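Spelled out, the chains give:
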Amino acid sequence: GEDVEQSLFLSVREGDSSVINCTYTDSSSTYLYWYKQEPGAGLQLLTYIFSNMDMKQDQRLTVLLNKKDKHLSLRIADTQTGDSAIYFCAESINTDKLIFGTGTRLQVFP
Amino acid sequence: EAEVAQSPRYKITEKSQAVAFWCDPISGHATLYWYRQILGQGPELLVQFQDESVVDDSQLPKDRFSAERLKGVDSTLKIQPAELGDSAMYLCASSLGPGDEQFFGPGTRLTVL
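Per-chain numbering applies: the sequence of each chain, read as written, is numbered from 1 onward. Here chains are named by letter from A upward and ligands by number from 1 upward, in the order in which they appear as written. In keeping with the predicted nature of the model, local features appear solely for residues at pLDDT of at least 70, side-chain atom pairs appear and are counted solely at 80 or more, and the whole-chain, interface and lining totals rest on all residues. Only hydrogens and water are set aside when side-chain values are computed; all heavy atoms of the structure are taken into account.

1. Some points on the interface of chain A and chain B
Next up, step 1: Opposite the 15 residues of chain A that make contact, chain B presents 20 residues.
Next up, step 2: For any pair of parts, buried area is found by adding up, for both, the accessible area (1.4 Å probe) each one loses once the two are put together. Summed over both partners, the interface of chain A with chain B buries about 1,300 Å², with 51% contributed by carbon and sulfur atoms.
Next up, step 3: When a carboxyl oxygen of Asp or Glu lies within 4 Å of a side-chain nitrogen of Lys or Arg, that pair is called a salt bridge. Across the chain A-chain B interface, the total number found is 0 salt bridges.
Next up, step 4: Residues adjacent in sequence count toward polar contacts only when both atoms are side-chain atoms; beyond that, a polar contact is any pair of N or O atoms within 3.5 Å, and within protein one must be able to donate a hydrogen and the other to accept it. Applying the counting rule to chain A against chain B returns 2 residue pairs in polar contact (both at pLDDT 80 or more).
Next up, step 5: Counting only elements with at least two residues in the side of chain A that touches chain B, the list comes to β4 (31-37), β5 (43-50) and β10 (97-100) of chain A. In what follows, residue pairs with any heavy atoms lying within 4.5 Å of each other are defined as contacts. Numbered from the N terminus, helices here are DSSP runs of H or I no shorter than four residues, and strands are runs of E no shorter than two.

So, in structure tokens, the structure goes:
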């Protein structure tokens, strides 16, 4: 079945690292994505990882994939107030259809 | 920078009324998606178009929802009649083709009273 789960809320101090976690159930997922949604806005693709990879780094973002446990994480280094938003993980089924998680609200305080 | 345009941004309607949302994808994008995002949840795909053809509408409540993309460019999503449970954000996205990066519009927030 298709089910993507995330913790609802994360609060971090500015300058610290943030780690947002996600679990998924469909082992046939091809790609796994992280999207950012700011208030009143649509979704912005942050990064993605192919299912045969276990890590991808892109500037302040690091994605870790544990395919055995179906666990995906997004680490944001040196978190800034501008990183405050809702973060969604998503898996792609048959390379096209996206199944989104429930979203994690990241709050960054000074 | 090219963006997906949606209108209106906000819509308040009474139940049993008809509502319509419009989406203009990025020029040249053949694939267009409509998603519904209920407050506190992730987006859920309602319908996917490839050019003017529907390729996936398995989650579209067809008794009250309809979607069209007549010339394979812009698209309209209609609800008739609206119900209280339809209150949500309706997001449109487009991509060059199936499997390519999806670019999202700002959404239309619908409130049904």
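Resuming the write-up.
2. What to know about the sheet that holds strand β7 (residues 65-68) of chain B
Residue and element names in this part refer to chain B.
Next up, step 1: In this scheme, strands are said to pair when DSSP sees at least two bridges between them. Reading across the sheet, the 4 strands line up as β1-β3-β8-β7 and stay open at both edges, with antiparallel pairing between neighbours. Strands at the two margins of the open sheet, each flanked by one partner only, are β1 (5-7) and β7. Across the sheet, the axes of successive neighbouring strands diverge by a mean angle of 15°, strand direction being ignored.
Next up, step 2: Two strands pair when backbone bridges link them, and β1 and strand β3 (residues 19-24) are joined in this way by 3 bridges, in the antiparallel orientation. The residue of β3 that forms the bridge with Gln 6 is Cys 23. For every element, the axis is a line fit to its C-alpha atoms; helices are fit only across the contacting stretch, and the angle between N-to-C directions ranges from 0 to 180 degrees.

3. Details of the sheet that holds strand β7 (residues 61-66) of chain A
All names here are of chain A.
Next up, step 1: Taken in spatial order, the 5 strands line up as β1-β3-β8-β7-β6 in an open sheet, and their pairing is antiparallel. With partners counted over all chains shown, the strands left at the sheet margins are β1 (4-6) and β6 (55-58), one partner each. Mean inter-strand twist for the sheet, computed between neighbouring axes without regard to direction, equals 15°.
Next up, step 2: Bridge analysis of β1 against strand β3 (residues 18-24) gives 3 bridges, and the strand direction is antiparallel. Bridging across to β3, Glu 5 finds its partner in Thr 23.

4. Focus on the state of the cysteines
Next up, step 1: Sulfur atoms of two cysteines make up a disulfide when they are within 2.5 Å. Summed over all chains, the structure comprises 2 disulfides over all chains.
Next up, step 2: The partner cysteine of Cys 22 of chain A in its disulfide is Cys 89 of chain A, sulfur to sulfur 1.9 Å. What sets the handedness of the Cys 22 of chain A and Cys 89 of chain A disulfide is the S-S torsion sign, and at about 70° it is right-handed. Remark: Cys 89 of chain A occurs in strand β9 (residues 85-93) and Cys 22 of chain A occurs in strand β3; sequence separation between them is 67 residues. The burial state of Cys 22 of chain A is the same as that of Cys 89 of chain A; both residues are buried.
Next up, step 3: Each disulfide pairs two cysteine sulfurs, and for Cys 23 of chain B the partner residue is Cys 92 of chain B, the sulfurs being separated by 1.9 Å. Across the S-S bond of Cys 23 of chain B and Cys 92 of chain B the torsion is about -70°, and the bridge reads as left-handed. Here Cys 23 of chain B, found in strand β3, pairs with Cys 92 of chain B, found in strand β9 (residues 88-95); they are 69 residues apart in sequence, far enough to count as distant. By the burial criterion, Cys 23 of chain B is buried, and Cys 92 of chain B matches it. Exposed residues in this analysis have more than 50% of their type's maximum accessible area, buried residues have under 20%, and partly exposed residues fall in between, with area computed by a 1.4 Å probe over protein chains only.

5. Structural notes on the nonpolar core
Across soluble globular proteins, you tend to see nonpolar side chains buried next to one another.
Next up, step 1: To qualify as a nonpolar core, a set must consist of buried Ala, Val, Leu, Ile, Met, Phe, Trp, Tyr and Cys residues joined through side-chain atoms within 4.5 Å. By size, the foremost hydrophobic cluster in this structure holds 21 residues, and its most contacted members are Trp 34, Leu 72, Leu 74 and Tyr 87 of chain A.
Next up, step 2: The dominant element in this core, judged by the number of residues it contributes, is β9 of chain A, at 4 residues.
Next up, step 3: Among all residues touching Leu 74 of chain A, those that are not within four sequence positions of it are Ser 18, Val 19, Ile 20, Trp 34, Leu 46, Thr 47, Leu 61, Thr 62, Val 63 and Tyr 87 of chain A.
Next up, step 4: Ile 26, Leu 77, Ala 88 and Tyr 90 of chain B belong to the second-largest nonpolar core, a separate cluster that totals 20 residues.

Note that all results are geometric; they support no functional claim without further evidence.
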